[in-house]
Amino acid sequence: MAKNKMVKSNHVITFEKDEKKSIIIALVVSAVVVLATVLAIIAIRHKGLGIPIGTTTTEEVVDSYTVTDNYTDDGSVIVTNQEELDTKLAASTTDESIGAITIQTEEEQSIEIPEGDYTNVALNIDAPYTEVSNYANFNTINIKQISANTWVEHASGNNMVLSATASHVVVESDATVESISNIAYGSTLAVEIYGTVKAMSLEADDSISSVSIDGTLEGLDMYSKTNLSLSGVGAQKLNVNLQAGATGSVVKSSVPLNMQIYGSAELYMEAGAEESTLAVLNGDLVTNVYNNTAMALEVTDPDGSAVTIDQGADKSFGEEKAAQTNTNTEQSAVSSGSATRSSGSSGGGSSSSTSSNRSSSSSSTSSSTTTSQSTATQENTQQTTTQQTTQQTTQPTQNTNNKNNTTSSSSNSTSSYEKKAKDLENKVSEQNSTISALNSSIEELKKAIQGLTDKNAKYEEELEQTKSELDEANERILEAQKTSIIDFELPNLAYKELASEDGKLVQRIDNPYLSIKKGIPSANELNAEYIEIHNSENAPKAYLVKLYYYYFIDVAEGEPEKWECTCLDTDKSMVLRPGDSWVFARPKFIGADNPKYVIEVVASDLGEDSPRIFAVNKDDIGILKFTEFETNVKESNVTDIQAIFFDVDNKVLGEISYSTSMDETMAETDLPGVNREKAVEINNNVVKFTKPEGAVNWNVFVN
């Protein structure tokens, strides 16, 4: 068989004239077997497994005409107009190689996506002058750039990720959106809800968001510093969680809120926000509440006491410890803007973030912008504060009046190193994504090779080519690992020497009250091991505990070995009061075989506290009953519950964790095959967890 000779010029791959004839002849002679094999290899390439560089044009000779497709760097098919989009969507229902489609164009146009089930396709929008009306279902919808005249959603069941510097989304009355996440740093977001949005998360620092609710928004989580305006007509009470990572946010609301505040914020409660329920849960940060409603508001302070703020009055909650970084907050406000259906500012370039890192350092914000259908005017807001990275820290901290006993050196040291750790996380995020994609490529190529086991002479050449691509992918992933060395100073330079293949456990600041059990074996495909941490009942204080995992690989070509830190991973943080325990999961390392690593435990002092032990019955696997009260668990002092399930070999199958401040559908789990929305069911004082297949034992932690 003649070998096909390819010529690559200006990112366009073509075949020389005489070789085109050879390919056509080969296809005809080889018939079904060869054709199927070639298409399989092409399918692998289309999925991005060939690791293309830049936007590539591939040409396939089919009979007497040429079909040309453009692809993004990650293997997504590029379309530029309605006709091309319709063609690729139709093809995706039978062609498994089409896993992602990107609308990429600078043209001004309107596109309508008709009803259809494309849940095997991720849709990306990189079109700053295109308006889109969507009636179809996709795996995910990622808006990188969109026209000022909006994305209009009519479908039910979609998850939307907004990575544009300016986004305008309208959820019509016939639509139900599973989730909307804004992840673009410094972005401007306008959302109009006439239908239903089950969950919204604001994960971008220094962003401006305006949300108009004339339908239903079931829950809103703020993970990063945001200037937020909430408005709407007849809106029901909105569940809002302002996490520690959102410290420094400004919120102005003219709708009633059920709000839990774990960071610090400036809250402006306007007319329409009457009947709001506010709980300030962190006494170590200052939160100011301004009551501009038509009635008095009741706020629960960090000590659990109810405080009344009269109409027209304001009140400060919490105080900053002298040992921690001082915070100087100038009064900030957001002028409310009710979203309408007129056009606004256009979308700009795209900016990306990583959902897993939901916390970053607060910075000064000075913004003035007009979003489509709403105006959110920001006065200069300057705030410098130490943030601790946390996703679901829902444990209310009961501090006593002896806060001056907090060890100042411990707090300052922790804050400094926390900032360094965050910088490290951001530095290696892109490299980790590259390594993960390459690892997936290798697995797909291995599957392709398994399907080509019949070494018939007719397609041995194609088999060898596929194996060659596998070798190339292995070389690329090794190169990616070696070039992703962290050039930032580690929190402790000794970590490089302490790292081992079994993992060295260290505490950033020694804490005699914390007992740590590492190496709990995992039967879970996602995690390498589990680590249990217990705060002694004799401990005088509560601690915010977070784990960091530093990975080192040998980057030398030969002898001597040269071990460098190439990856930083982390887990969510948890508040442990005296007597509390929690299990953390260390994810499996994607990359070189047998890396060395260090597990670092960071425990931040949250002040004096006392133990609270709950009486429970957990004899039946998956069923937890509180025997000391009969009221609903959500109305008790319980804030966090974690269930750990073990198989017959006493390996961890996975865990389910739930915060009682959230709806049951917002539980978190790493158990394969378990739907998070159905993982937890509460019936008064009984909590039922979905029991995974193969579970013969379990443990449960209640905080």
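These remarks concern the structure in this document. (Residues numbered from 1 in each chain as written. Predicted model: local features only at pLDDT ≥ 70, side-chain atom pairs only at ≥ 80, totals over all residues. Heavy atoms only, no water.)

1. Looking at the overall build of the protein
Within the protein, the regular secondary structure consists of 5 helices and 48 strands. Within the protein, buried positions represent 51% of all 703 residues. Considering only residue pairs separated by 6 or more positions, the protein has 52% of its internal contacts joining residues 24 or more positions apart. For the protein, the computed accessible surface area is about 30700 Å², with 45% contributed by carbon and sulfur atoms. (Helix = DSSP H or I, 4+ residues; strand = E, 2+ residues; numbered from the N terminus. Buried < 20%, exposed > 50% of the residue type's maximum accessible area, 1.4 Å probe, protein only. Contact = heavy atoms within 4.5 Å. Areas by Shrake-Rupley, 256 points an atom, 1.4 Å probe, with all protein chains shown as cover.)

2. A closer look at the sheet that holds strand E9 (residues 130-134)
Hydrogen bonding along the main chain pairs the strands of a sheet, whether they run parallel or antiparallel. Taken in spatial order, the 11 strands of this open sheet run E7-E9-E11-E13-E15-E18-E21-E23-E25-E27-E30, and their pairing is mixed. Each having just a single partner strand, strand E7 (109-113) and strand E30 (314-317) make up the two edges of the open sheet. Within the sheet, the average angular offset between the axes of one strand and its neighbour, ignoring direction, is 10°. Bridging between E7 and E9 involves 5 bridges; their strand directions are parallel. Bridge pairing in E9 places Gln109 opposite Thr130. (Pairing = 2+ DSSP bridges. Axes fitted to C-alpha atoms, helices over the stretch in contact; angles between N-to-C directions.)

3. Quick notes on the sheet that holds strand E48 (residues 697-702)
What the 4 strands build is an open sheet, ordered E45-E44-E43-E48; its pairing is antiparallel. Of all the strands in the sheet, the pair left with one neighbour each is strand E45 (668-669) and E48.

4. Observations regarding helix H2 (residues 82-92)
Three or more residues of H2 are buried, namely Leu85, Lys88, Leu89 and Ser92. Taken down its axis, H2 places every buried residue within 105° of arc, on the same side. Its side-chain oxygen at 3.2 Å from the backbone nitrogen of Glu83, Asn81 defines the N-terminal cap of H2. (Arc of directions from axis to C-beta. Polar contact = N/O pair within 3.5 Å; in protein donor to acceptor, adjacent residues only side chain to side chain.)

5. Notes on the packing of aromatic side chains
Within this structure, the stated rule accounts for 8 aromatic pairs. Here the aromatic rings of Phe614 and Phe626 are separated by 6.1 Å at their centres, their planes lie at 90°, and the arrangement is edge-to-face. Here the residue Phe614 occupies a position in the loop between strand E40 (596-608) and strand E41 (616-617), and Phe626 occupies one in strand E42 (residues 623-626), the gap between them amounting to 12 residues. On the basis of relative accessibility, which here comes to 0%, the residue Phe626 falls in the buried class. (Phe/Tyr/Trp six-rings, centres within 6.5 Å; stacked < 30°, edge-to-face > 60°.)

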